[in-house]
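Reading the structure
Letter by letter, the chains look like this.
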Amino acid sequence: MADPLKLQDYAGAPAPIPGGIAARARAQAAPRYLDGLNPEQREAVETLDGPVLVLAGAGTGKTRVLTTRIAHILSLGKARPSEILAVTFTNKAAREMKLRIGSMVGEAVEGMPWLGTFHSIGVKILRRHAELVGLKSGFTILDTDDQIRLLKQHLSAANIDEKRWPARVLANLIDGWKNRGLTPSQVPAGEAASFANGRGQELYAAYQERLKTLNATDFGDLLLETIRLLREQPDVLRQYHHRFRYILVDEYQDTNVAQYMWLRLLAQRPQRNDLLADGSAAATPQRAETNLCCVGDDDQSIYGWRGAEVDNILRFDKDFPGAKVIRLERNYRSTGHILAAASHLIAYNEGRLGKTLRTEDELGEKVTVSGAWDSEEEARSVGEEIEQLQRKDHSLNQIAILVRASYQMREFEDRFITLGLPYRVIGGPRFYERAEIRDALAYLRAVNSSADDLAFERIINVPKRGLGDATVQWLHEHARQANMSMMDMAREVANTDELKPKPRQSLRDLMANFDRWAAQKDSLPHTELAEMILDESGYTDMWQKDRSADAAGRLDNLKELVRSMDEFENLQGFLEHISLVMDADRGEQVDSVSIMTLHSAKGLEFETVFLPGWEEGLFPSQRSLDEQGRAGLEEERRLAHVGLTRARRRAKIFFATNRRIHGMWTTNIPSRFLDELPEADVEVTEQKGGFSFSGYGASRFDRQESFGSSYTTPGWQRAQQRGGFSGGGYSGGSGSAPSGGRWQKTEIPDLPRPRKGPRTIEGELVAKSTGTASAYSVGDRVFHLKFGNGNVTFVEGNKLTIQFDKAGEKRVVDSFVERV
DNA sequence: CGCTAGTCGGTTTTT
DNA sequence: CCGACTAGCG
């Protein structure tokens with residue numbers, strides 16, 4: 001620690017006398033960090049003893065309460081930084097919390113080793129006591145990809161047809177069991193039977209067995225094994241009970257059963273007598289208290305589908321008797337109309353604790369609802385509105401488009417590319433999940449430990465070096481028989497004539513490389529080692545030769561990876577943390593519109609939020625309804641609530657009558673959520689008398705005959721053929737065959753619709769053209785970030801028409817391309 | 001072994 | 001429509 005003295009100062013001593021006086025003195029000085037908290041927030045910060053549940057509605061200062069509470073504990077000397085357990089769900093949240101605590105208490109935050117995600121804290125505990133659960137402390141953590149590859153091996157070993165019973169499905173099943181804290185023997189018979197004719201449980205058990213031999217865990221084990229450890233080793237449990245004087249949990253509504261069990265073990269301390277074994281425990285009066293503080297919002301629980309149990313938060317006061325429940329209902333984010341709309345909507349949910357959000361802000365703009373004929377027009381409207389805002393000097397960084405499903409994004413991307421409107425897509429594959437990163441890591445893992453079969457297998461033929469399935473299979477079997485790692489087996493067999501000459505030579509070269517790298521592992525700085533490995537293995541070369549659009553990006557990612565290794569002491573340290581902590585937080589500084597899913601928007605806020613796709617079937621998602629029934633609907637509604645409450649000043653909802661999903665045109669009716677918005681806070685735009693606010697029976701958004709302008713979209717043409725949209729848009733028929741179902745997919749034969757791009761939008765394009773001649777001319781070879789390489793075929797002002805090698809013909813603004 | 005043409009199946013995402 | 005995965009050929 002950089003400055004132990006300062007740390008001591010904050011921490012105080014457990015003994016009551018010096019800390020007490022100092023604390024009182026500080027309290028009288030009315031610590032500055034408490035300034036500006038409202039009474040409820042203050043109560044949440046100052047109620048330190050016993051279980052506390054803080055129900056923090058959207059925008060009510062949840063993180064502030066959490067961080068201030070920690071600062072408060074520290075400055076009162078109630079606990080040392082190392083005696084506080086603070087749990088979040090994501091690394092991002094943990095980082096942010098650390099940052100904010102740091103800004104209040106300074107370096108003391110560096111002494112908080114127990115601030116992190118459930119998983120990272122689980123690892124920390126497990127590494128210390130690994131032998132007690134049958135692991136060695138250097139165990140590796142497998143991610144989903146490794147997990148699936150391992151399961152594939154098991155499936156083929158068990159002679160199970162992978163077509164019928166995919167490894168993916170089994171992985172999900174096992175994950176689900178682990179989320180619920182179930183070990184193989186605890187899996188309910190009925191569920192185990194659902195996979196491979198009742199062999200699910202057996203496979204789960206075999207998989208766990210295999211993990212132990214590999215000295216590996218998957219993500220679920222990080223929780224499950226910790227639970228097992230704490231249950232089976234009372235001494236260890238006592239040690240942590242003693243250590244953690246205060247426990248704080250963020251986003252409690254997202255906890256799953258395993259996390260809940262984990263938490264309860266740590267938080268539900270035995271009564272005081274049990275603790276008196278330790279001398280210092282007797283000295284402090286509240287030792288036996290469960291100083292647990294959970295912060296969450298049942299109305300923002302949107303991860304039920306991956307095991308989160310809203311129930312955990314709903315019954316908190318039963319689990320922790322005497323719990324104090326504090327509601328934070330003053331919203332500091334959104335204007336009146338937005339908040340009213342969101343509150344009214346969420347009130348339709350039955351399973352909730354119930355909060356009433358208030359704001360002292362002005363009413364502001366009403367939430368707008370706009371209809372569009374199809375998703376293309378929807379994207380066009382959103383684009384126009386954004387450009388209007390842009391003209392009024394609104395920052396694009398303060399604008400977000402929040403969609404239900406990621407396939408909705410493309411439409412906006414296409415449109416924004418045409419307009420030359422900068423945007424960024426948030427989410428998508430995360431940094432460490434990208435193939436190139438995983439490959440690079442596999443090389444490093446294999447060099448670091450010759451026992452890491454999974455890593456070795458991943459890169460044995462990447463780049464292609466003539467070591468295909470046959471060779472890998474051979475190595476696999478023989479390594480297993482000889483009870484040695486694949487790498488060791490490979491090293492041996494490379495010098496015999498058991499393999500055909502070609503693979504043998506390849507293998508020999510590869511192993512020579514590995515030996516050389518391993519020899520330099522300790523002498524060379526690990527970043528240099530990494531660069532060397534990536535170069536000499538031919539991996540960098542492979543991407544440099546690749547001419548696809550994302551190859552450049554991948555090379556950047558690799559550079560980024562090597563850069564990020566700098567922060568670690570050595571290769572070992574880097575690899576230990578990488579599997580848990582690696583995520584791309586490379587904040588683009590360019591002013592741009594954010595496009596993301598509603599899920600990934602949780603916790604964020606923007607001045608203006610666009611919410612497209614509010615249609616039955618899409619939002620609420622039909623699948624959610626089918627699979628989860630009412631619970632599914634309520635979760636979708638919470639998602640809508642999350643979406644609306646992301647907006648500070650403007651929320652703009654859209655729905656499209658026609659949408660192309662997977663190449664099929666579907667006709668949808670407006671979302672029921674639209675009917676659940678309060679009339680007084682909503683403004684329906686861009687319709688000429690079509691919408692009548694007729695109460696909740698017949699949707700007031702159902703009737704759509706009256707969009708005035710002329711449209712050339714397929715949906716419109718189809719509608720005209722059919723004679724308009726009477727009948728509420730339910731019918732999905734193509735005109736010939738009658739359609740039964742409401743969500744019937746309808747294939748439209750290729751109508752003579754205008755070619756995508758130029759024609760329908762010519763007017764706008766010309767109007768926006770800068771007039772200055774483009775620096776490009778016909779025939780130029782250019783590179784585009786999204787579309788890759790192509791040739792310019794037409795130039796008009798700053799707009800280029802480009803024939804891309806892979807993506808086909810597109811029209812883009814010239815600032816989006818560069819010459820190659 | 002590696003490439004390519006065909007099939008299949010497509011919410012939401014963290015660790 | 002578009003990507004991921006596989007069977008089957010060179």
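For the structure itself, consult the block above.
This one's a predicted model, so the numbers in the text were calculated from it and none came from an experiment. (Residues numbered from 1 in each chain as written. Chains lettered and ligands numbered in written order. Predicted model: local features only at pLDDT ≥ 70, side-chain atom pairs only at ≥ 80, totals over all residues. Heavy atoms only, no water.)

**Some thoughts on the protein's contact with DNA strand B**
The condition that has to hold: The near set for a molecule or strand comprises every residue that places at least one heavy atom within 4 Å of it. In protein, a polar contact means a hydrogen-donor-capable atom and an acceptor-capable atom, both N or O and within 3.5 Å, with residues adjacent in sequence counting only if both atoms are side-chain atoms; elsewhere, any N or O pair within 3.5 Å suffices.
The environment of DNA strand B is made up of 32 residues, and the closest members are Asn 91, Arg 404, Ser 406, Arg 430 and Thr 597. Between DNA strand B and the protein, one listed contact pairs a phosphate oxygen with a backbone N or O atom of Gly 466 at 3.3 Å. Residue Thr 471 places a side-chain N or O atom 3.0 Å away from a phosphate oxygen belonging to DNA strand B.

**Some details on the packing of aromatic side chains**
Test applied: Stacked, edge-to-face and tilted are the three classes for Phe, Tyr and Trp ring pairs, Trp counted by its six-membered ring, which pair at centre distances within 6.5 Å; planes under 30 degrees apart are stacked, over 60 edge-to-face, the rest tilted. Runs of E in the DSSP output that reach at least two residues are strands. Runs of H or I that reach at least four are helices, and both are numbered from the N terminus. The cut-offs for exposure are 20% and 50% of the maximum accessible area for each residue type, with area from a 1.4 Å probe on protein chains only; residues under the lower value are buried, those over the upper are exposed, and the others partly exposed. Over a ring means this: the NZ of a Lys or the CZ of an Arg is within 6 Å of the ring centre and within 35 degrees of the ring normal.
Taken as a whole, this structure holds 22 aromatic pairs when the rule is applied. Their ring planes at 75° and their centres at 5.1 Å tell us that Phe 514 and Trp 517 sit as a pair that is edge-to-face. Here Phe 514 pairs with Trp 517, and both are found in helix α25 (residues 501-520), just 3 residues apart, close to one helical turn. For Phe 514, a relative accessible area of 1% translates into the label buried. Looking at Trp 517, the relative accessible area reads 0%, which means it is buried. Among the aromatic residues, ring-to-ring pairing joins Tyr 443, Phe 456, Phe 514, Trp 517 and Tyr 539 into one connected group. Above the face of the Trp 114 ring, Lys 124 is positioned so that its terminal group lies 5.5 Å from the ring centre.

**Considering the protein's contact with DNA strand C**
Note the threshold: Three residue categories are used. Nonpolar comprises Ala, Val, Leu, Ile, Met, Phe, Trp, Tyr, Cys and Pro, charged comprises Asp, Glu, Lys and Arg, and polar comprises the others, including Gly.
Around DNA strand C lies a shell formed by Lys 163, Arg 410, Arg 660, His 662 and Gly 663. Backbone sugar and phosphate groups make up 47% of those atoms of DNA strand C lying within 4 Å of the protein. In this structure, His 662 approaches DNA strand C through a main-chain N or O atom, which is 3.3 Å from a base nitrogen. Among the residues forming the surface near DNA strand C, the class breakdown is no nonpolar, 2 polar and 3 charged.

**Thoughts on the nonpolar core**
Our working rule: For the purposes of this section, nonpolar cores are sets of buried Ala, Val, Leu, Ile, Met, Phe, Trp, Tyr and Cys residues that join through side-chain atoms within 4.5 Å. In what follows, a contact means two residues having at least one pair of non-hydrogen atoms within 4.5 Å.
One finds Leu 85, Ile 247, Tyr 252 and Trp 262 to be the most contacted residues of the largest nonpolar core, which totals 68 residues. Examining the composition of this core, we find that 8 residues originate from one element, helix α13 (residues 257-267), more than from any other. Among all residues touching Leu 85, those that are not within four sequence positions of it are Trp 114, Ile 121, Phe 244, Tyr 246, Ile 247, Leu 248, Trp 262 and Leu 266.

**Description of the environment of Thr 368**
Within the secondary structure, Thr 368 is located in strand β9 (residues 367-374). Measuring from C-alpha to C-alpha, the distance between Thr 368 and Phe 610 comes to 9.6 Å, with 242 residues separating the pair along the chain. Here Thr 368 is in contact with Ala 651, Lys 652, Ile 653, Glu 683 and Thr 685, once residues within four sequence places are set aside.

**Some thoughts on the state of the cysteines**
The term disulfide refers to a covalent linkage connecting the sulfur atoms of a pair of cysteines. Test applied: Cysteine sulfur atoms that pair up within 2.5 Å are treated as a disulfide.
The full count for this structure, using the stated rule, is 0 disulfides. Unpaired in terms of disulfides, Cys 293 finds its nearest cysteine sulfur in Cys 294, a separation of 6.8 Å. For Cys 293, a relative accessible area of 0% puts it in the buried group.

**Some details on helix α31 (residues 622-645)**
Let me state the cut-off plainly: What a helix is expected to span follows from its residue count: subtract one and scale by 1.5 Å.
Here α31 is 24 residues long, yet its end C-alpha atoms lie only 23 Å apart, well below the 34 Å a rise of 1.5 Å per residue gives. Most of α31 sits inside the fold, with 17 of its 24 residues counted as buried.

**A short note on empty space enclosed by the protein**
Basically, it comes down to this: Site definitions follow a grid-based scheme: protein atoms alone, a 1 Å grid, a 1.4 Å probe that fits but cannot get out for cavities, and for pockets an open set with protein on both sides within 12 Å along at least five of seven lines, plus lining residues having an atom within 4 Å of a point. Grid points are joined across faces, edges and corners, and a volume is the space filled by probe spheres set on the points.
Tallied over the entire structure, the rule returns 7 cavities of 30 Å³ or more. Of the volumes computed, that of the second largest cavity is approximately 50 Å³. Taken together, Gly 57, Asp 297, Asp 299, Ser 343, Ile 346, Arg 352, Lys 355, Leu 357 and His 641 form the lining of the second largest cavity. Split by residue class, the lining of the second largest cavity holds 2 nonpolar, 3 polar and 4 charged.

**A short note on unusual backbone geometry**
In this structure, the amide linkage connecting Val 462 to the following residue, Pro 463, adopts the cis form with an omega of -5°. That bond from Phe 619 to Pro 620 is cis: its omega, 5°, falls within 30 degrees of zero. Mapped onto the fold, Pro 620 is located in the loop between β13 (606-611) and α31. In the Ramachandran plot, Asn 215 falls in the positive-phi region, its phi being about 50° despite a non-glycine side chain. Positionally, Asn 215 belongs in the loop between α10 (200-213) and β5 (216-218). A relative accessible area of 13% means that Asn 215 is categorised as buried. Despite not being glycine, Asn 483 shows a phi value in the positive range, around 55°. Secondary-structure assignment places Asn 483 in the loop between α23 (469-482) and α24 (486-493).

**Re the pairing of strand β6 (residues 246-249)**
Basically, it comes down to this: Two strands qualify as a pair provided that DSSP identifies no fewer than 2 bridges between them.
The side-chain alternation of β6 yields two buried faces, one formed by Tyr 246 and Leu 248 and the other by Ile 247 and Val 249. Where strand β2 (residues 84-88) lies against β6, 4 bridges are found, and the strand directions are parallel. Note that in β6 the partner of Leu 85 across the bridge is Ile 247. With 3 bridges joining them, β6 and strand β7 (residues 292-296) adopt parallel strand pairing. Bridge pairing in β7 links Leu 248 to Cys 293.

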